[in-house]
2 protein chains.
Amino acid sequence: MGDRAMPKFAEKTLTRAGGKLTQIICDVSDGHAVREVFERFRPDRVVHAAVITAGDEREFREFERVVDVNVKGTANVLQSALNTLADKVIYVSSGSAYGNTLFAGAQLLEESPMVPDSLYSITKHASERICARFRHARNLNVTCVRLGSVFGPWERDTGVRDTLSLPMQILQRALCGEEIRLPAQEPKRDWIYSRDVARGLATVLEAPSLRHEVYNLGSGYKWCNVAADWSARLRAVAPGLRARATEAGEQPNVVFFGGRDRAMMGIYRLTSETGFKPRFDQKDALADYAAWVRENQDYFQFEQCGAT
Amino acid sequence: MGDRAMPKFAEKTLTRAGGKLTQIICDVSDGHAVREVFERFRPDRVVHAAVITAGDEREFREFERVVDVNVKGTANVLQSALNTLADKVIYVSSGSAYGNTLFAGAQLLEESPMVPDSLYSITKHASERICARFRHARNLNVTCVRLGSVFGPWERDTGVRDTLSLPMQILQRALCGEEIRLPAQEPKRDWIYSRDVARGLATVLEAPSLRHEVYNLGSGYKWCNVAADWSARLRAVAPGLRARATEAGEQPNVVFFGGRDRAMMGIYRLTSETGFKPRFDQKDALADYAAWVRENQDYFQFEQCGAT
């Protein structure tokens, strides 16, 4: 289960993109350690994404640890960014911060009411409010960006996200030669490709000025039958891949974080203020990801088969 | 600054009311300690009110401690109540959980949107959502009760509430013979007398069934000129009491938690479901409290004068 350090293969590939990459492994819930990292690097810009995406079982088992990382971690990063005079901070929030509202109505705007449900949701929402507090009481330039359902290159099991993305679960089973049992009805999601997420975050980070404190970042539309579509594309990489829909009484062996259909996050605010729009629709994203998987098979050597 | 143990005088008086009173001092953020207390007493009914009511300064200085007590503390109590099969738990929440909404509009209902602002507000809101989580995912019978601005008998400085109630601040200064400088404009509040709070909590605790998970508990109307009214009544206890409104450029020496006017919390839900209504209006509450102060002057021996 998971390793926090970036795999060597990823490190090599990312370094080839130019620039300088320094990897520090630091527990964000350790205020002293966070302070040291900030004092050493004095970053101008900070993207804070560290979190435990706890599932139902872990949230009660590791309640304190989840609060430490997800809530105190946010405050530690913001306080250190404040101390070392960072110009700009992004807090990577989540559609999950909406909580129950995610499952009501068709579209969510940033002002939609938030009714956090799971501990993950509660801690993401609390962190957003902590950002607002640092912004108003301490004048810290921090913006919250709520991500939709993300998938794409470099996803892997680090041990802090209990449910990986649907495409990644399918990929894991395909690489292990296991039959994939898909849910008969696939919950609808406004999936967003990780390359678009990266570009969206960069857009927010580089925007000379922003009129709001919170932005949704999704693809802006609901995708259809992602599991079947992705399974078909993966056959180019794993020719023996077997995927089928479950029959009556049978359990799927891939799951959706949060289960049911979710409302779509509207990205009108981000688009109208910054001109950002996603480049990858379902077809392009899945094709790009399949090509990436084919070209980067060494990355998946760490996958352990037979674990489940 | 403050002592956690109940003063002997209070203990004696409360014991005279009949029943059995056992005082255990326990840090709610210590999950192990909370578990031990619950396993020893196996309470049927639990009222969880432990919290740090941090002011603006303390919230940034003691961020981690506030999160530990206010968020983890709630989860520890709920988990222990679950383990020892408590019948009913009340989480004593606060109007502060509404956050910014408290300062918008005339009345707040339980469904009003919540936009937590300060760390205190954020942790109270997060705790309410943790209660909802334990209720839905673990079937724990827990009800949240949001208190308005409370004052009355037995208030004292325990060191965990940075701003005591307005009547208590005035009382402290009166007992120390200090001149009281009242704000020229008194922020409007739906104050509630502590005896009504106790009765309201008991009503919720004893209700055979409740239709909702959250109830407002306030007096249901806004009080006027509480500071001047209370100062006048206190003269019966402290004849030398001097109180006056501040002049231009002068700072008052009593303060309001949260500053500005607050919206009134509607108590229609509690009243319609349980028949509860407050017994004390402004006049009766202040008269009762003044009489109580007169009869219980020994209680105030612990007040330290000259500290501010």
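Residues numbered from 1 in each chain as written. Chains lettered and ligands numbered in written order. Predicted model: local features only at pLDDT ≥ 70, side-chain atom pairs only at ≥ 80, totals over all residues.

### Looking at the overall build of chain A
For step 1, the next point in the chain: On a plain count of helices and strands, chain A comes out with 10 helices and 10 strands.
For step 2, the next point in the chain: The C-alpha atoms of chain A give 19 Å as radius of gyration, which agrees with the globular expectation for 308 residues (19 Å, within 12%).
For step 3, the next point in the chain: C-alpha atoms of chain A, sized along the principal axes, occupy 55 × 45 × 40 Å.
For step 4, the next point in the chain: Within the span of chain A, comprising 308 residues, buried residues form 40% of the whole.
For step 5, the next point in the chain: Taking contacts inside chain A between residues at least 6 apart in sequence as the whole, the part at least 24 apart equals 80%. (Helix = DSSP H or I, 4+ residues; strand = E, 2+ residues; numbered from the N terminus. Rg over C-alpha atoms; globule rule 2.2 N^0.38 Å. Buried ≥ 20, exposed ≤ 12 C-beta atoms within 10 Å, placed from the backbone. Contact = placed C-beta atoms within 7 Å.)

### Examining the interface of chain A and chain B
For step 1, the next point in the chain: The interface is formed by 19 residues belonging to chain A together with 19 residues belonging to chain B.
For step 2, the next point in the chain: Those elements that provide at least two residues to the side of chain A that touches chain B are helix 4 (63-83) and helix 5 (119-138) of chain A.
For step 3, the next point in the chain: Counting residues per element, the side of chain A that touches chain B draws most heavily on helix 5 of chain A, which supplies seven residues.
For step 4, the next point in the chain: The residue inventory of the side of chain A that touches chain B, partitioned by class, reads 11 nonpolar, two polar and six charged. (Nonpolar A, V, L, I, M, F, W, Y, C, P; charged D, E, K, R; others polar.)

### A closer look at the sheet that holds strand 4 (residues 142-147) of chain A
All names here are of chain A.
For step 1, the next point in the chain: Taken in spatial order, the four strands make up an open sheet running 1-2-4-8, and their pairing is parallel. Taken across any chain shown, the strands that pair with only one partner, and hence form the sheet edges, are strand 1 (45-48) and strand 8 (214-217). Within the sheet, the average angular offset between the axes of one strand and its neighbour, ignoring direction, is 20°.
For step 2, the next point in the chain: Inspection of the sheet shows strand 2 (residues 88-94) paired to strand 4 by six bridges, in the parallel sense. Residue pairing for strand 4: S94 is matched across the bridge by L147.
For step 3, the next point in the chain: Contacts from helix 5 reach strand 2, strand 4 and strand 8, with the element oriented near 160° to strand 2. (Pairing = 2+ DSSP bridges. Axes fitted to C-alpha atoms, helices over the stretch in contact; angles between N-to-C directions.)

### Here's the deal with the sheet that holds strand 2 (residues 88-94) of chain B
All names here are of chain B.
For step 1, the next point in the chain: Spatially, the four strands line up as an open sheet ordered 1-2-4-8, and their pairing is parallel. Both edges of this open sheet fall to strand 1 (45-48) and strand 8 (214-217), since each of them pairs with a single strand only. Between one strand and the next, the sheet's axes are offset by a mean angle of 20°, whatever the strand orientation.
For step 2, the next point in the chain: Lying over the sheet, helix 4 (residues 63-83) contacts strand 1, strand 2 and strand 4 (142-147), oriented at roughly 180° with respect to strand 1.
For step 3, the next point in the chain: Lying over the sheet, helix 5 (residues 119-138) contacts strand 2, strand 4 and strand 8, oriented at roughly 160° with respect to strand 2.

### Let's talk about helix 7 (residues 194-206) of chain A
All names here are of chain A.
For step 1, the next point in the chain: Between its terminal C-alpha atoms helix 7 stretches 18 Å, which fits the 18 Å expected from 13 residues at 1.5 Å a residue.
For step 2, the next point in the chain: When we look at burial in helix 7, the residues that qualify are D196, V197, G200, L201 and V204. Each buried residue of helix 7 lies within a common arc of 135° when the element is viewed along its axis, so the set occupies one face. (Expected span 1.5 Å × (residues − 1). Arc of directions from axis to C-beta.)

### Here's the deal with the packing of helix 4 of chain B against helix 5 of chain B
Residues and elements named next belong to chain B.
For step 1, the next point in the chain: It is the contact of helix 4 with helix 5, at a shortest axis distance of 10 Å, that shows an interaxial angle of 20°. Viewed along their axes, helix 4 and helix 5 adopt a mutual orientation that is roughly parallel. Both helix 4 and helix 5 take part in a crossing whose hand is right-handed. Contacts between helix 4 and helix 5 involve F63, V66, V67, N70, V71, T74, A75, L78 and L82 from the first element and L119, T123, A126, S127, I130, C131, F134 and R138 from the second.
For step 2, the next point in the chain: Considered class by class, the residues forming the contact of helix 4 with helix 5 number 12 nonpolar, four polar and one charged. (Parallel < 35°, antiparallel > 145°, perpendicular 65-115°, else oblique. Left-handed = near helix turned anticlockwise from the far one by under 90°.)

### Digging into the relation of the copies chain A and chain B
For step 1, the next point in the chain: Expressed as a screw transformation, the operator carrying chain A onto chain B has a rotation angle of 180° and an axial translation of 0.0 Å, and the superposed copies differ by an RMSD of 0.0 Å. The transformation relating the two chain copies, once decomposed into turn and shift, fits a two-fold axis.
For step 2, the next point in the chain: Most of the interface of chain A is mirrored in chain B, where 100% of its interface residues are also at the interface. (Least-squares fit on C-alpha atoms with pLDDT ≥ 70 in both.)

### Details of unusual backbone geometry
Residue and element names in this part refer to chain B.
For step 1, the next point in the chain: Residues other than glycine seldom take positive phi values, yet W154 does so here, at roughly 75°.
For step 2, the next point in the chain: Its identity as a non-glycine residue notwithstanding, N225 has a phi of 50°, on the positive side.
For step 3, the next point in the chain: Along the chain, the position of N225 falls in the loop between strand 8 and helix 8 (226-234).
For step 4, the next point in the chain: Using a count of 13 C-beta atoms within 10 Å as the deciding quantity, one classes N225 as partly exposed.

### Quick word on the pairing of strand 2 of chain A
Residues and elements named next belong to chain A.
For step 1, the next point in the chain: Most of strand 2 sits out of view: five of its seven residues are buried.
For step 2, the next point in the chain: Here strand 1 runs beside strand 2; their pairing, made up of four bridges, is parallel. If you follow V46 over to strand 2, its bridge partner there is V89.

### Quick notes on the packing of helix 2 (residues 31-41) of chain B against helix 4 of chain B
Residues and elements named next belong to chain B.
For step 1, the next point in the chain: Axis separation between helix 2 and helix 4 bottoms out at 9 Å; the angle between their running directions is 35°. Between helix 2 and helix 4 the crossing geometry is right-handed. Contacts between helix 2 and helix 4 pair G31, V34, R35 and F38 from the former with N76, V77, S80, A81 and N83 from the latter.
For step 2, the next point in the chain: The residue makeup of the contact of helix 2 with helix 4, split by class, is four nonpolar, four polar and one charged.

### What to know about the environment of E128(A)
Residue and element names in this part refer to chain A.
For step 1, the next point in the chain: Take E128: it is sitting in helix 5.
For step 2, the next point in the chain: Note: C-alpha distance between E128 and V71 (57 residues apart in sequence) is 9.5 Å.
For step 3, the next point in the chain: Once you skip the residues sitting within four places of it in the chain, E128 turns out to touch Y91, S93, A97, C144 and V214.

### Observations concerning the environment of L21(B)
Residue and element names in this part refer to chain B.
For step 1, the next point in the chain: One can find L21 in the loop between helix 1 (8-16) and helix 2.
For step 2, the next point in the chain: Sequence separation between L21 and Q107 is 86 residues, and the spatial gap between their C-alpha atoms is 38 Å.
For step 3, the next point in the chain: Apart from residues no more than four positions distant in its own chain, L21 is found in contact with E11, L14 and T15.

### Some words on helix 10 (residues 282-295) of chain B
All names here are of chain B.
For step 1, the next point in the chain: Under the 1.5 Å per step criterion, the end-to-end length of helix 10 is 20 Å for 14 residues, consistent within 8% with the ideal 20 Å.
For step 2, the next point in the chain: Of the positions making up helix 10, those classed as buried are A285, L286, Y289 and V293. Here the buried residues of helix 10 occupy an arc of 95° about the axis, which is enough to place them on one side. Away from its buried face by more than 90 degrees, helix 10 exposes K283, R294 and E295.
For step 3, the next point in the chain: Where helix 10 is buried, its residues contact helix 6 (166-175), strand 7 (191-193) and helix 8.

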